[in-house]
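# Geometric and topological summary
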Amino acid sequence: MNEDLKALVRTIPDYPKPGIMFRDITTLLLDGPGFAAAITRMAASLAMPPDLIAGIEARGFIFGAALARELGVGLVLLRKQNKLPGPVSGVNYALEYGQDRIEMHDDAAPAGSRVCLVDDLIATGGTALAGAQLLRGGGAVVTQAAFAIDLPDLGGAQRLREAGITPHSLMAFSGH
Ligand code: AMP
C-alpha cells in the first residue's frame, strides 16, 4: 500500500532511545511530489468530508494544515500545554514514562461539528485518543482520523476503532 510513499520515509533506529525505530517523515516532506501525493491520497481516503480538521502538535500540524487546505475546511490546533492564548480546555494523557497534556481553544470546534483528527503517526493511540476526548468534551463529533503512518503492532488503530473512530493510514510499518 503506497509503497512509493513508504520508500520516502526514513527509519532511524534507536531514536530517541534504544529499541525505538523512529519513522522520520521529514524525508517525505522534502519530496514535493511525494508530499503532494500523500495529501491527495489522505483526502481521498476519508469516508466523508469533515467540517474541520484537528491537527495534533507538532507533526500533525504539517499534515493537518495541508489536508485542511486540500479539503477547503478550517484547522483546529491541538497544542501542548500553555501555548494557546485564549481560554482553553485540556486533557492529560499517559506516556510510556510520565504524562503529557494537550489543549484546545474552547471556541475552536463547535458542538455538533464533524472533526477529523490528523497526526503523522499512530502508535499506541494515546495521543489521538486524548485529542478525541478533548474534541468530544466540547461536543464535537469525531468519527474518523487520518495518519500518514500506522504502527499496527502497537494497537492504536484498534483502540481508535473501539472508541468509534475509523483510522485512515497511508502506510504501515511492522514492529515498534
Ligand atoms: P501514540 O500516542 O503512542 O500513538 O504515539 C503517537 C505520537 O508519537 C505521534 O505524535 C508520533 O509523532 C510519535 N511517535 C510514536 N512512535 C513513533 C515512531 N516510532 N516514530 C516516529 N514518531 C513516533
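Before any of the text, the structure's been laid out above.
Structural notes, computed from the coordinates. From a predicted model like this one, the values you see are computed outputs, not experimental measurements.

### Quick notes on unusual backbone geometry
The peptide bond linking Tyr 15 to Pro 16 adopts the cis configuration, its omega dihedral lying at 0°. A cis amide bond, omega 0°, links Glu 57 with the succeeding residue Ala 58. By the element assignment, Ala 58 lies in the loop between β3 (52-56) and α4 (59-71). Residues other than glycine seldom take positive phi values, yet Asn 2 does so here, at roughly 50°.

### Things to note about the nonpolar core
With 25 residues, the main nonpolar core has Leu 78, Ala 109, Leu 117, Leu 135 and Leu 160 as its most contacted residues. Secondary-structure elements contributing two or more residues to this core are β3, β4 (74-80), β5 (88-94), β6 (99-105), β7 (114-122), α5 (126-137) and β8 (141-150). Per-element accounting of this core gives the leading share, six residues, to α5. Core analysis: the second largest hydrophobic core is formed by 24 residues, Leu 46, Val 118, Ala 148 and Leu 151 among them.

### Details of the site of the ligand
The full set close to the ligand counts 14 residues, and Arg 59, Asp 120, Thr 124, Gly 125 and Thr 127 are the nearest of them. Thr 124 places a polar side-chain atom, nitrogen or oxygen, 2.5 Å from an oxygen atom of the ligand. Note that an oxygen atom of the ligand is positioned 2.7 Å from one of the backbone N or O atoms of Gly 125. Protein contacts shield 81% of the accessible area of the ligand, which totals 480 Å² for the unbound molecule. Elements that contribute at least two residues to the shell around the ligand include exactly β2 (21-24), β7 and α5. Per-element tally for the shell around the ligand: the top contributor is β7, with four residues. Here the shell around the ligand is built from residues that sort into six nonpolar, four polar and four charged.

### Section: the environment of Gly 112
Relative to the elements of secondary structure, Gly 112 occurs in the loop between β6 and β7. Distance from Gly 112 to Val 142, taken between C-alpha atoms, is 9.5 Å for residues 30 residues apart in sequence. Leave out the neighbours within four places in its chain, and Gly 112 touches Asp 51, Gly 139, Ala 140 and Val 141.

### Points about the sheet that holds β3
Taken together, seven strands build an open sheet; the order of strands is β5-β6-β4-β3-β7-β8-β9 and the sheet is mixed. A single partner strand is all that each edge strand has here, and the edge strands are β5 and β9 (166-172). With direction set aside, neighbouring strand axes in the sheet form an average angle of 25°. Looking at chain direction, β8 and β9 are connected through six bridges and run parallel. Paired with Ala 145 across the strands is Pro 167, a residue of β9.

Conventions we followed
- Residues numbered from 1 in each chain as written.
- Predicted model: local features only at pLDDT ≥ 70, side-chain atom pairs only at ≥ 80, totals over all residues.
- Heavy atoms only, no water.
- Helix = DSSP H or I, 4+ residues; strand = E, 2+ residues; numbered from the N terminus.
- Core = buried A, V, L, I, M, F, W, Y, C linked by side-chain atoms within 4.5 Å.
- Buried < 20%, exposed > 50% of the residue type's maximum accessible area, 1.4 Å probe, protein only.
- Near = heavy atom within 4 Å.
- Polar contact = N/O pair within 3.5 Å; in protein donor to acceptor, adjacent residues only side chain to side chain.
- Areas by Shrake-Rupley, 256 points an atom, 1.4 Å probe, with all protein chains shown as cover.
- Nonpolar A, V, L, I, M, F, W, Y, C, P; charged D, E, K, R; others polar.
- Contact = heavy atoms within 4.5 Å.
- Pairing = 2+ DSSP bridges.
- Axes fitted to C-alpha atoms, helices over the stretch in contact; angles between N-to-C directions.

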